[in-house]
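# Survey of secondary and tertiary structure
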Protein chains: 2
Amino acid sequence: MSSEFELIELFQHIGAEFYKQNGIITGPGDDCAIFDLDTPIVTSVDSSVIDVHFPSNASPQDIGYRAVAVALSDIAAMGCKPIAFSLSVSSQISDEIWYKKLAEGIEDIANKFEISLIGGDLTNGPLNLNAIVYGTPYSEKILMRDSAQVGDLICISSPTGRAKKGLADWNNMESNSKYIQDYLRPLPKIELGKKIVNFASACIDTSDGLLADLKKLLKASKQGAVINLDDIPITIDINDINAGDDYDLCFTVPKSKFDNTFYKIGEVTEGLEIKLTSNKGYDIDINGYEHF
Amino acid sequence: MSSEFELIELFQHIGAEFYKQNGIITGPGDDCAIFDLDTPIVTSVDSSVIDVHFPSNASPQDIGYRAVAVALSDIAAMGCKPIAFSLSVSSQISDEIWYKKLAEGIEDIANKFEISLIGGDLTNGPLNLNAIVYGTPYSEKILMRDSAQVGDLICISSPTGRAKKGLADWNNMESNSKYIQDYLRPLPKIELGKKIVNFASACIDTSDGLLADLKKLLKASKQGAVINLDDIPITIDINDINAGDDYDLCFTVPKSKFDNTFYKIGEVTEGLEIKLTSNKGYDIDINGYEHF
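The rules behind the values
Numbering of residues starts from 1 in each chain and follows the order in which that chain's sequence is written. Think of it this way: whatever chain is written first is A, whatever ligand is written first is 1, and the rest follow in order. pLDDT decides what is reported in this predicted model: residues at 70 or higher carry local features, side-chain atom pairs at 80 or more are listed and counted, and totals for whole chains, interfaces and linings draw on all residues regardless. Each helix is a run of H or I in the DSSP string that is no shorter than four residues. Each strand is a run of E no shorter than two, and both are numbered from the N terminus. Both definitions apply: the radius of gyration is a C-alpha atom measure, and the globule rule equals 2.2 Å times residues to the power 0.38. Exposure in this text rests on C-beta crowding, where 20 or more other C-beta atoms within 10 Å of a residue's own make it buried, 12 or fewer make it exposed, and counts in between make it partly exposed. The C-beta atoms are placed from the backbone. Each residue gets a C-beta atom placed from its backbone, and two residues are in contact if those atoms lie within 7 Å. Least-squares superposition aligns the copies on the C-alpha atoms of those residues with pLDDT at or above 70 in both. Known as pLDDT, the predictor's confidence for each residue is given on a scale from 0 to 100. Source of the domain bounds: an automatic or database domain assignment. Only Asp, Glu, Lys and Arg are considered charged in this grouping, and only Ala, Val, Leu, Ile, Met, Phe, Trp, Tyr, Cys and Pro are considered nonpolar; every other residue, Gly among them, is considered polar. At least two DSSP bridges between two strands are needed for those strands to be called paired. Axis definition: a line fitted to C-alpha atoms, over the contacting stretch in the case of helices. Angles run 0 to 180 degrees between N-to-C directions. Any helix carries an expected span of 1.5 Å times its number of residues minus one. Linking buried Ala, Val, Leu, Ile, Met, Phe, Trp, Tyr and Cys residues through C-beta atoms within 7 Å yields a set, and such a set is a nonpolar core. Here a crossing is called left-handed whenever its near helix is offset anticlockwise from the far helix by less than a right angle, and right-handed whenever the offset is clockwise.

## Here we look at the overall build of chain A
In terms of helices and strands, chain A carries seven helices and 13 strands. Expected size for 292 residues packed as a compact globule is a radius of gyration near 19 Å; at 20 Å, chain A falls within 12% of this value. The buried share of chain A, reckoned over its 292 residues, is 52%. Of all intrachain contacts in chain A linking residues separated by at least 6 positions in sequence, the fraction that spans at least 24 positions is 85%.

## Side note on the relation of the copies chain A and chain B
One copy of the chain maps onto the other through a rotation about an axis followed by a shift along the same axis. Relative to chain B, chain A is turned by 180 degrees and slid 0.0 Å along the rotation axis, the superposed coordinates differing by an RMSD of 0.0 Å. Expressed as a symmetry operation, the mapping of one chain copy onto the other fits a two-fold axis. Taking C-alpha positions as the reference, the residue of chain A nearest the rotation axis is Asp-38 of chain A, at 3.0 Å. A share of 100% of interface residues in chain A that are also interface residues in chain B marks the association as one of identical surfaces.

## Some remarks on the confidence of the model for chain A
Residues and elements named next belong to chain A. Counting all residues, the mean pLDDT for chain A is 93, and 96% of those residues have values of 70 or more. Note that residues 286-292 has pLDDT below 50 and, in this model, 12 contacts with residues that lie over four places away or in other chains. Taken over the whole predicted complex, pTM reads 0.95, whereas the ipTM for its chain interfaces reads 0.93.

## Some points on the domain arrangement of chain A
Residue and element names in this part refer to chain A. As assigned here, chain A comprises domain 1 (4-137) and domain 2 (153-291). Relative placement of domain 1 and domain 2: their C-alpha centres are 27 Å apart. With 18 residues of domain 1 at the contact, the number on the domain 2 side is 19 residues. Those elements giving two or more residues to the side of domain 1 that touches domain 2 turn out to be helix H2 (60-77) and strand S4 (80-91). The greatest single-element share of the side of domain 1 that touches domain 2, amounting to 11 residues, is contributed by H2. Classifying every residue of the side of domain 1 that touches domain 2 gives 13 nonpolar, two polar and three charged.

## Overview of the sheet that holds strand S6 (residues 128-137) of chain A
Remark on secondary structure: sheet strands pair via backbone hydrogen bonds, oriented parallel or antiparallel. Spatial ordering of the open sheet is given by S5(A)-S4(A)-S6(A)-S3(A)-S2(B)-S1(B), a layout of six strands whose pairing is mixed. At either end of the open sheet lies a strand with only one pairing partner, and these are strand S5 (116-124) of chain A together with strand S1 (24-26) of chain B. Taken pair by pair, the neighbouring strands of this sheet meet at an average axis angle of 25 degrees, ignoring direction.

## So, the interface of chain A and chain B
Counting from both sides, the interface comprises 42 residues of chain A and, opposite them, 42 residues of chain B. Put simply, the parts of the chain that give the side of chain A that touches chain B at least two residues each are strand S2 (33-35), strand S3 (41-49), H2, S4, S5, S6 and strand S8 (202-205) of chain A. In terms of residue count, S3 of chain A provides more of the side of chain A that touches chain B than any other element does, eight residues in total. For the side of chain A that touches chain B, the class distribution of residues is 19 nonpolar, 14 polar and nine charged. In this sheet, strand S2 (residues 33-35) of chain B lies alongside S3 of chain A in antiparallel orientation, the contact comprising three bridges. Bridge assignment links Ile-41 of chain A to a residue of S2 of chain B, and that residue is Phe-35 of chain B.

## Some points on the sheet that holds S2 of chain A
Strand order across the open sheet formed by six strands is S1(A)-S2(A)-S3(B)-S6(B)-S4(B)-S5(B), with mixed pairing between neighbours. Each having just a single partner strand, strand S1 (24-26) of chain A together with strand S5 (116-124) of chain B make up the two edges of the open sheet. Going from strand to strand, the sheet's axes swing by 25 degrees on average, the running direction of each strand aside. Where S1 of chain A and S2 of chain A come together, two bridges link them in antiparallel fashion. Each bridged residue has a counterpart across the sheet, and for Ile-24 of chain A the counterpart in S2 of chain A is Phe-35 of chain A.

## Notes on helix H3 (residues 96-113) of chain A
All names here are of chain A. A rise of 1.5 Å per residue sets the reference length of H3, with its 18 residues, at 26 Å; its end C-alpha atoms lie 26 Å apart and thus fit the reference within 8%. Every buried residue of H3 is accounted for by Tyr-99, Leu-102, Ala-103, Gly-105, Ile-106, Glu-107, Ile-109, Ala-110 and Phe-113. Buried residues belonging to H3 abut helix H1 (4-11), H2, S4, S5 and helix H6 (190-196). Phi turns positive, to about 55 degrees, at Glu-114, one or two residues after H3.

## Here's the deal with the pairing of strand S7 (residues 153-156) of chain B
All names here are of chain B. For S7 and strand S10 (residues 249-253), the ladder comprises three bridges, and the chain directions are antiparallel. By the bridge assignment for S10, Leu-153 is matched with Val-253. Looking at chain direction, S7 and strand S11 (residues 263-269) are connected through four bridges and run antiparallel. Along S11, the bridge assignment pairs Leu-153 with Glu-267.

## Let's talk about the nonpolar core
If you look at the biggest cluster of nonpolar residues, it comprises 158 residues, and the most contacted ones within it are Val-68, Phe-85 and Ile-106 of chain A together with Val-68, Phe-85 and Ile-106 of chain B. Residues contacting Phe-85 of chain A, with those up to four places away along its chain left out, are Val-68, Ala-71, Ile-115, Leu-117, Ala-131, Ile-132, Val-133 and Tyr-134 of chain A.

## As for the environment of Lys-101 of chain B
Residue and element names in this part refer to chain B. Here Lys-101 lies in helix H3 (residues 96-113). With 37 residues separating them in the primary sequence, Lys-101 and Gly-64 have C-alpha atoms 8.4 Å apart. Excluding anything up to four places from it in sequence, Lys-101 contacts Ser-59, Pro-60 and Gln-61.

## Quick look at unusual backbone geometry
Even without glycine at this site, Glu-114 of chain A takes up a positive phi of about 55 degrees. Counting through the fold element by element, Glu-114 of chain A comes out in the loop between H3 and S5. For Glu-114 of chain A, a count of 14 C-beta atoms within 10 Å puts it in the partly exposed group. Within the chain, Asp-51 of chain B stands out as a residue other than glycine whose phi angle is a positive 65 degrees. For Asp-51 of chain B, the position within the fold is in the loop between strand S3 (41-49) and helix H2 (60-77).

## Brief notes about the packing of H2 of chain A against H3 of chain A
All names here are of chain A. Between H2 and H3, the least distance of the axes is 6 Å, while the angle of their chain directions is 35 degrees. Classified by chirality, the crossing of H3 by H2 is right-handed. On H3, the residues that touch Pro-60, Gln-61, Asp-62, Ile-63, Gly-64, Tyr-65, Val-68, Ala-69 and Leu-72 of H2 are Trp-98, Lys-101, Leu-102, Ala-103, Glu-104, Gly-105, Ile-106, Asp-108, Ile-109 and Phe-113. For the contact of H2 with H3, a count of residues per class yields 12 nonpolar, three polar and four charged.

## Comments concerning helix H4 (residues 162-171) of chain A
Residue and element names in this part refer to chain A. Here H4 lies mainly inside the structure; seven of its 10 residues are buried. Along H4, the residues classified as buried are Arg-162, Ala-163, Lys-164, Lys-165, Gly-166, Leu-167 and Trp-170. For H4, the elements touching its buried residues are helix H5 (180-184). Immediately beyond the C-terminal end of H4, within one or two residues, lies Met-173, with a positive phi of roughly 55 degrees.

Encoded structure:
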C-alpha cells in the first residue's frame, strides 16, 4: 500500500494554477492554508458518506466530483464565487489506483470552477468525504435565506426530482438514463447565483428537497407562502417536491425582476404557514396547510 | 430519536458571544457562514475517527473537546489566533443525551479559546468528526514550516510521549494517571505560538510524532539537522520521539532568541539529512543518519 504521504501527493497540486486569482498565499503543505483577500469569505462543509450520500458502486471519479459539487452548491446559494476547497477523506481502501481516480474526479470539478485544493486530511476509516468550500462575493451583496419579502415570487430554475430519478435509474442499471449524471455529477448553480444575487431577496439550495428547503427559507425569513403545485416542474410525479439531491436554487424575487427563464412556483405571504394549492387533485400527503 | 434539526440546535449557539470579536457576520443557519475581516485567514481541517483517533469508550465530552483541540493545534503552529471552527459529525448514535454531552465538550474548548462554531454537517455514518478551524495572525507574521535557517536551534516546549502514555494508561484503566488528560484533552499551544511567532524561523505541530514532524519541517525548509537524543525530554523512553498525539510545537529559533523555557534538542544544518547523536547508547532503530 502507498503511504499516506504518497497518496496526498496525488491531490496537492489540484487547482494550484488558480492560487493567485483566488487569493491563496499558502496552499497545501503547511499546517494551515492562508487566504489574503480584502473581501468577506463565505465557507461551508458538506459530508458525503458511503451508502448514505453516494452508492458504494459509484466510480471514485464520480465520488470525488460529487463530494465537492454538493458543497459548492452552498456557495451558489449565497450568490458567491467559489475560490477554494479542502477535502478530508476517511477510507480503508488500499488500492492507489482508486485514489488516482478519486483525484481525477476532484480535478475535473476544480478545473470547471477554477478553484484550488488548499488542504485536507487522509485518515483510516469507513469511506467518508468532507468537502470544505470557500468563496467570495461577486458584488457587494451576499444572498441570505432570511430576507424574503411578502409579495416576492418564489422561483426555481429546473425540474425537481431529477436526482431521485437518476439514483433509481443507476440502481436499476439503466445506464442510458440522462438523469444519472444529475445525481452523480450535480451542477452547482454558481452561474445562477451570480445572475440573481443583486435582485433576489433570499435564496437556498435544494439539497434536502424543494419543500423542506423552502420551509427553511421561509422560517428564516419569518414569512409564509402560497405554492401552486401545478406550477412546479416535476420529473416523475408531485412527490418530487420532497426529493433531495437536486442542488437547484430556490429563491425569491420581487415581481418586477421575474424572468421567464425561472419557474415561478408561488408567492411569499405574511404569517408562518405554507399553503399548497392545486387544481389537479394531486395524491400527496398534504392538508392544504403545512405548519412549521 | 431526535431529528437532525433538533440535534443541530444543541450546537448552533456555541461561541455565539464571540462572533463580533472574531469577524463573523453570519454564523450557522444559512448555507454558508461569513467572515468579514481585513486580515489574512488561516484554515485547516482534522479528522477524528473512532478507534483510530480516539477510543470508542471515551466520553462524548472528551471526543468533542479533542476533535476541536487537535485541529486548533494547526492554528498554533502558524503562530495565529483561532477565531472559529466548523464541525462535521457522522454518527449512528440515536441517544440525544450523547449529543448533549458532545456539545458540552465542544463548548468547553470554544469558551477556553473564545472561538465560535460557525457551521457544520450532521450525517448518518460510522462515528467520524471533522473539525475545520479558522484563525488570523497575531501580528504581521505567520509562522511557516519552510523557513528554518542553518544554525537555528531546534526546540520543543514539553516532554514527548505524554499522550502515548496517557492512551496506554486509559486502556489499562489507570484512572489516576495524570497523562490521560494529555491524550484526551490536549492543549493546543496557542499561547506558545503567539509568544514565538515574531522570532521563530519555522514551526510545526507534533501530531504524528516529534521525529516525523521535524522531518517534515526540515524537508520543507530544505535543511538538515543534528539532534542530540540526550537532550530530548521523554516520558517513558527514547522511543517517545516517534509517539504521536503530543500536539506540542517543534520550532526553530536563532541562537540569540533562545529562552530557557524551551527544550533545545538540536540545531539546523546544511544538507538533507538528520544526524541523531547520543552518549547513552539508546536502543532505538537508527543508524546515526536518517535520510529523507
